[in-house]
Amino acid sequence: MKLLKPSWVSHNGKPIFSVDIHPDGTKFATGGQGEDSGKVMIWNMAPVLREEDEKNENIPKMLCQMDNHLACVNCVRWSNNGLYLASGGDDKLVMVWRRAAFIGPSTVFGSSSKLANVEQWRCVTILRNHTGDVMDVAWSPHDVWLASCSVDNTIVIWNARKFPEMVTCLRGHTGLVKGLTWDPVGKYIASQADDHSLKVWRTVDWQMEANITKPFSECGGTTHVLRLSWSPDGQYLVSAHAMNNSGPTAQIVERDGWKTNMDFVGHRKAVTVVKFNPKIFKKKQKNGSSPKPSCPYCCCAVGSKDRSLSVWLTSLKRPLVVIHDLFDKSIMDISWTLTGLGMLVCSMDGTVAYLDFSMDELGDPLNEEEKNSIHQNIYGKSLAITSTEAQLSTTIIENPEMLKYQQERQTSAQANSGPGGTKPESSTPKLNSVMNGESLEDIRKNLLKKQVETRTADGRRRITPLCIAQLDTGDFSPALFNSVPILPSGSSMSNQLTPQLSSDSSPGQRPGHDPMLTSSAANTTAKGLEDNKDGVRPSLLLTSASKIEPMKALDSRFTERSKATPGMTAAISSTTGLVPLDRPKDALSVLKDIKSKEETSSDSEDKMATINKNLAFAKRKPELLMEGGEVVEKRKKGRPRKDKMAAPIAQPFTQITPPADREHSGTAAPPAPVAVLRLPTPSTQKAFSLQVSMEPSVFVEVENDVSVVAGSRLSQLRCSRDGRDWNTLLPSSVVTAAGSSDILAVACEDRMLSVFSSFGRRLLPAIQLGTPVSALHCAAHFVMVLTAGATLSIWDVQKQKVLVKNESLTTILSGVDTTVSQSLLTQQGVPVIRLSNGKSYCFSSSLETWTLIADKGDSLVQCADFRSCLPTHDAPVSSGPLAVMQGRNLNAGRLASRLSSTPHHLQQSMTLAFLENQLASALTLQSAQEYRYWLLIYARFLVNEGSEYRLREFCRELLGPVHKSATSAWEPTTLGLRKRELLQEVLPVIGENLRFQRLFTEYQDQLELLRNK
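Residues numbered from 1 in each chain as written. Predicted model: local features only at pLDDT ≥ 70, side-chain atom pairs only at ≥ 80, totals over all residues. Heavy atoms only, no water.

Engineer: Would you mind showing me how to read the overall build of the chain here?
Structural biologist: In terms of helices and strands, the chain carries 18 helices and 57 strands. Considering the chain as a whole, with its 1013 residues, one finds that 56% of them fall into the buried category. Of all intrachain contacts in the chain linking residues separated by at least 6 positions in sequence, the fraction that spans at least 24 positions is 60%. In the form shown here, the chain has an accessible surface area of approximately 42700 Å², with 53% of it arising from carbon and sulfur atoms. (Helix = DSSP H or I, 4+ residues; strand = E, 2+ residues; numbered from the N terminus. Buried < 20%, exposed > 50% of the residue type's maximum accessible area, 1.4 Å probe, protein only. Contact = heavy atoms within 4.5 Å. Areas by Shrake-Rupley, 256 points an atom, 1.4 Å probe, with all protein chains shown as cover.)

In structure tokens:
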């Protein structure tokens, strides 16, 4: 620890009553006595921190001096966002200062010296209400309110978003109120007064929650201030000036039941000020020692009239350090830096001391994420209270409907907080961070349950790695989007991949049964390479890189979410290995083998993948996210390969090796016209099968080269729908197939696309494509083709017309190595393409343009904070195309907390921009359910943030013209939702904010009018 007393920080020898360090750590403010007025001064922090800056003449020490207060200043406090400084003084005023544009150095009024203000700070508002000296001021978390307390026995809460509006005045103390502190999430404010009591007030209704008197009953004499403090984890409130066994203490009050069992003992005179370090710490790990799970703890500084300062850690019984006789008079105020390692202390004797700690002394500070998760565990979501209820409590309600919504809101608030005496937290369950209604712990457990185990030849257990994303960041996409890496042909990686995909099973395993793998590509390759180190036969290594076709991502099916998810069951996309038909016995025995292996495995979850007799998946009746899956395999022409089952990530996959004697030479496709092939194409395989629809259950099996008639090789397409089978023959090898409950599309090697109904009728004549197919999708009665030449086409089979015609992807495929990592077709026939650079586009056929709907690198997504606007009753829409493309990492405002330092207005604009993007994207994707979901969040956000113009325009758009006219282009519905019914849903939300009651009444009347027309 280092200790420094910068002598240049002084009010010309007059007392300094308050000190506060700016949140960014570059400056600090002091408040105290001036010559004949109160004085607030702002100082540069650099000369305090660094000796060379102190000696450097060019670095200013004082930044600004403000003499506006008419009498001594008792308290200065920076707002959490650092924009404002509030000061309270003996002139009964609270002044709020803001930095103004610099006009030029101005000398301090009345001073003959060369003291020049380097920064200009202006008083932007004066808050007048107190009838006595203002002793303490405090900003609430998120700067929603500013509280001030006075010797007139009251505490006034001001609306910090609308100075000088007063929210309420808390009365109840019978003595001078000399200290204030907010709890870290803004649920309570605590005050301490000379009437030997400490009172805790709720911010929900501004009523008293607790009145604590016992530890103060013996206190005699007074102190100038009673600055109490709340710990950053919210668990403890520490008071000044308490007595225990006639010895002065700082009393610790536990938030849980407001118990007063502990205190900090040791000072010889009354404690005047207590200040918690803003950081929560955990024990510093010794180098090389294994980390022990230690409890997080807090750090607290206590200053006293006995001129000494003590620093305590809640994990230690005794103080960490005590500094005696630091000053000549009583300590008046303490302020920590936001990093938690520096501290300024000021005293009545007019001097200031700076203490610098190291992490070895205090511990490792937790980062914002960890701090937030502690807050969430203790209280549920942080109360970023935006609507200032109390300021509105005095408004007269003019509308009976409005009254109803206000009452509903209050009853729900009371239901949450339980009977008056119990504290609201006790009724909120402990939350782990929750994602899509499912706690991350559950997800983790479920993923671990499904781990896949294999035994190697020497009997060792191998657990196939499962990629579990860092669940706390909520960024799920990489792990849970099962895709095989797309490799440009000839890259070294595909060279390594090939042996693993083409070698026969490694020695030592049962013949024909490969290790079970999981389809997260990276670990498949890693594992395969490891297992095959000695098993790769040299003859199988491909020599020329040019033969290797690029790998294609497993498209169009989305992650299996673990079973615990309430809203949605998994989508399975499967290609079960098909076995050559002339050796059925072997094949079934292999399957039985797999089956028995699974049944013996310890875990019922594994049975998920049990394979039923007709080589299809045992039907688990999940809902399909997107119809029409397409599975692409890597094949080397001319040699049948083990078939892979492309299962969602947490599913074991079986590989069945066709006997090696069935060699075949692939049919040669007609030479394609010369075109630049941007996208990878699936290679032809001997046989494959896939399930294209769950309800009704439709399976497709393709077998190429069934027989040769008059020199042309025929391929057979077999389809079973709810147990009824049909089959048809095609004159060329089938490369890929896709389907929905209504239609089935197959693309052949000769670049022909055929479309059948799910009962086997051909619906369209064969369509000739310009370049080979890269991806094929069906949804409802739409067929989408993405060709290797990077063009997109969509046909509406029902109407027999084209929706999108040979639309080029070159506009979005910027950059050399950008390629398509995933594509899908929504039920409404809207194509969505996700690129390898993290951007997702959809093609709007009405606008005839590519529109961006999701971007993983988009800072708006990460900074938007709309947690307070999430509807309580609606389950989040996790199955719509927008949610799917954004990887469901919309854990609302997961970063927003990290950015709590961003000024509120910036965060507000980002959130607004983000929500408007979401609405526009849902509209382009024609996803009605998601559109409605985001519309309601958007409305609630506008109501909470009080953006009246936007809200008005928004309502006007939903209401439309009241009287029909030929000129109006207003459509009564959007995506099949009636706009006026949406307005009907939005009105209760508007009804929750009294400020908009006129708007509410106006639109409610209009709707009534229209209903009666």
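On we go from here.
Engineer: Would you mind showing me how to read helix H18 (residues 997–1012) here?
Structural biologist: A turn of α-helix holds 3.6 residues, and therefore any two residues three or four places apart point the same way. Look at H18: 22 Å from first C-alpha to last across 16 residues, which is about the 22 Å you get at 1.5 Å a residue. Every buried residue of H18 is listed here: Gln-997, Leu-999, Phe-1000, Tyr-1003, Gln-1004, Leu-1007 and Leu-1010. The buried residues of H18 all sit within an arc of 155 degrees when viewed along its axis, so they share a single face. Turned more than 90 degrees from where H18 packs its buried face, Arg-998 and Asn-1012 sit exposed. (Expected span 1.5 Å × (residues − 1). Arc of directions from axis to C-beta.)

Engineer: Looking at this model, I keep getting lost on the packing of aromatic side chains. Mind explaining?
Structural biologist: Working definition: an aromatic ring pair is given by the centre-to-centre distance plus the angle between the planes. Enumeration according to the criterion identifies 19 aromatic pairs in this entry. Here the aromatic rings of Phe-281 and Tyr-297 are separated by 6.3 Å at their centres, their planes lie at 25 degrees, and the arrangement is stacked. Here Tyr-297 lies in the loop between strand S26 (281–282) and strand S27 (299–304) and Phe-281 lies in strand S26, a separation of 16 residues in the sequence. Of the two residues examined, Phe-281 and Tyr-297, each falls in the buried class. Taken together, a centroid distance of 5.1 Å and an interplanar angle of 65 degrees make the contact between Phe-843 and Trp-850 edge-to-face. There is no split in this pair, since Phe-843 and Trp-850 are both buried. (Phe/Tyr/Trp six-rings, centres within 6.5 Å; stacked < 30°, edge-to-face > 60°.)

Engineer: Quick question: what am I supposed to make of unusual backbone geometry here?
Structural biologist: A negative phi holds for most residues other than glycine; trans holds for most peptide bonds. For the bond from Phe-163 to Pro-164, the omega torsion is -5 degrees, close enough to zero to count as cis. Mapped onto the fold, Pro-164 is located in the loop between strand S14 (154–159) and strand S15 (166–171). Positive phi, normally seen in glycine, also occurs at Asn-806, with a value near 40 degrees. Counting through the fold element by element, Asn-806 comes out in strand S51 (residues 801–808). Judged by its relative accessible area of 53%, Asn-806 is exposed. Even without being a glycine, Gln-926 presents a positive backbone phi close to 55 degrees. The partly exposed category is assigned to Gln-926, whose relative accessible area is 32%.

Engineer: What should I look at first to understand the nonpolar core in this one?
Structural biologist: The tendency in soluble globular proteins is for nonpolar side chains to be buried side by side. Ranked by size, the top nonpolar core spans 55 residues in total, and within it Trp-934, Phe-954 and Ile-990 carry the most contacts. Sorting elements by how many residues they give to this core places helix H15 (residues 928–945) first, with eleven residues. (Core = buried A, V, L, I, M, F, W, Y, C linked by side-chain atoms within 4.5 Å.)

Engineer: I would appreciate a short explanation of helix H14 (residues 904–924) in the present structure.
Structural biologist: Here H14 spans 30 Å end to end across 21 residues, near enough to the 30 Å set by a 1.5 Å rise per residue. Those residues of H14 that sit buried are Gln-907, Met-910, Thr-911, Leu-912, Phe-914, Leu-915, Gln-918, Leu-919, Ser-921, Ala-922 and Thr-924. In this structure, the buried side of H14 is in contact with strand S54 (839–844), strand S55 (849–855), helix H12 (859–863), helix H13 (881–885), H15 and helix H16 (948–959).

Engineer: How should the sheet that holds strand S42 (residues 712–721) be read in this particular structure?
Structural biologist: Pairing within the open sheet is antiparallel, and its four strands lie in the order S40-S41-S42-S43. Two strands in the sheet have a free side with no partner beyond their single neighbour: strand S40 (687–693) and strand S43 (724–730). Across this sheet, the average inter-strand angle for adjacent strands is 25 degrees, counted without regard to direction. Both S40 and strand S41 (residues 698–709) contribute to a ladder of six bridges, which runs antiparallel. When the bridges of S41 are listed, Ser-689 appears paired with Glu-701. (Pairing = 2+ DSSP bridges. Axes fitted to C-alpha atoms, helices over the stretch in contact; angles between N-to-C directions.)

Engineer: Where do I start with the pattern of salt bridges in this structure?
Structural biologist: Pairing of side chains with opposite charge becomes possible as their charged atoms draw close. Using the criterion set out here, one finds 25 salt bridges in the structure. Across the pair Lys-282 and Glu-370 runs a salt bridge whose closest N-O atoms are separated by 3.6 Å. Residue Lys-282 is located in strand S26, and its partner Glu-370 is located in helix H4 (residues 368–379); the two are separated by 88 residues in the primary sequence. Judged by relative accessible area, Lys-282 falls into the partly exposed class, the value being 28%. The partly exposed category is assigned to Glu-370, whose relative accessible area is 30%. The residue Glu-1002 makes a salt bridge to Arg-952 at a minimum N-O spacing of 3.0 Å. Here Arg-952 lies in helix H16 and Glu-1002 lies in helix H18, a separation of 50 residues in the sequence. Judged by its relative accessible area of 33%, Glu-1002 is partly exposed. (Salt bridge = Lys/Arg side-chain N within 4 Å of Asp/Glu carboxyl O.)

Engineer: What's the story with the sheet that holds S51 in this structure? I'm lost.
Structural biologist: Read from one edge of the open sheet, four strands run S48-S49-S50-S51, paired in antiparallel fashion. Of all the strands in the sheet, just strand S48 (773–779) and S51 have a single pairing partner and so form its edges. Shown here is a sheet whose adjacent strand axes are inclined to one another by a mean of 10 degrees, direction ignored. Pairing of S48 with strand S49 (residues 782–787), which is carried by six bridges, proceeds in the antiparallel orientation. Pairing of Ala-779 across the sheet is with Phe-782, part of S49.

Engineer: Just to check I follow, could you spell out the environment of Glu-930 for this structure?
Structural biologist: Structurally, Glu-930 can be placed in helix H15. Residues Glu-930 and Gly-880 lie 50 residues apart in sequence; the distance between their C-alpha atoms is 6.5 Å. In this structure the side chain of Glu-930 is engaged in a polar contact, spanning 2.8 Å, whose partner is the backbone nitrogen of Ala-883. (Polar contact = N/O pair within 3.5 Å; in protein donor to acceptor, adjacent residues only side chain to side chain.)

Engineer: Help me out: how do you make sense of the side chain of Thr-818 in this one?
Structural biologist: Looking at the secondary structure, you find Thr-818 in the loop between S51 and strand S52 (820–825). With residues up to four places along the chain from it excluded, the contact list for Thr-818 reads Arg-678, Leu-813, Leu-835, Ser-836 and Asn-837.

Engineer: Would you mind going over the packing of H16 against H18 with me for this structure?
Structural biologist: Where H16 meets H18, the closest approach of the two axes is 11 Å, and the angle between their N-to-C directions is 5 degrees. Between H16 and H18, the interaxial angle falls into the category roughly parallel. Residues Leu-951, Arg-952, Cys-955, Arg-956 and Leu-959 of H16 touch H18, and the partners they reach there are Leu-999, Glu-1002, Tyr-1003, Gln-1006, Leu-1007 and Leu-1010. (Parallel < 35°, antiparallel > 145°, perpendicular 65-115°, else oblique.)

Engineer: How should I be thinking about the side chain of Lys-199 in this particular structure?
Structural biologist: As for its placement among the helices and strands, Lys-199 is situated in strand S18 (residues 197–202). One buried charged residue, Lys-199, remains without a salt bridge, the closest side chain of opposite sign being Asp-195 at 4.2 Å. In this structure the side chain of Lys-199 is engaged in a polar contact, spanning 3.1 Å, whose partner is the side chain of Asn-211. Residues within four places of Lys-199 in sequence aside, it is in contact with Gly-172, His-173, Ile-189, Ala-190, Ser-191, Met-208, Ala-210 and Asn-211. (Lys, Arg positive; Asp, Glu negative; His and termini not counted.)

Engineer: I would appreciate a short explanation of the environment of Asp-20 in the present structure.
Structural biologist: Relative to the assigned elements, Asp-20 resides in strand S2 (residues 16–21). The class for Asp-20 is buried, based on a relative accessible area of 9%. When the C-alpha positions of Asp-20 and Cys-75 are compared, they lie 8.8 Å apart, and in sequence the two are 55 residues distant. Those residues within four positions of Asp-20 in sequence are excluded, and the remaining contacts are Phe-28, Ala-29, Val-76, Arg-77, Trp-78, Lys-275 and Ser-335. A polar atom in the side chain of Asp-20 sits 2.8 Å from the backbone nitrogen of Trp-78.

Scope: geometric values only; no functional claims are made or implied.
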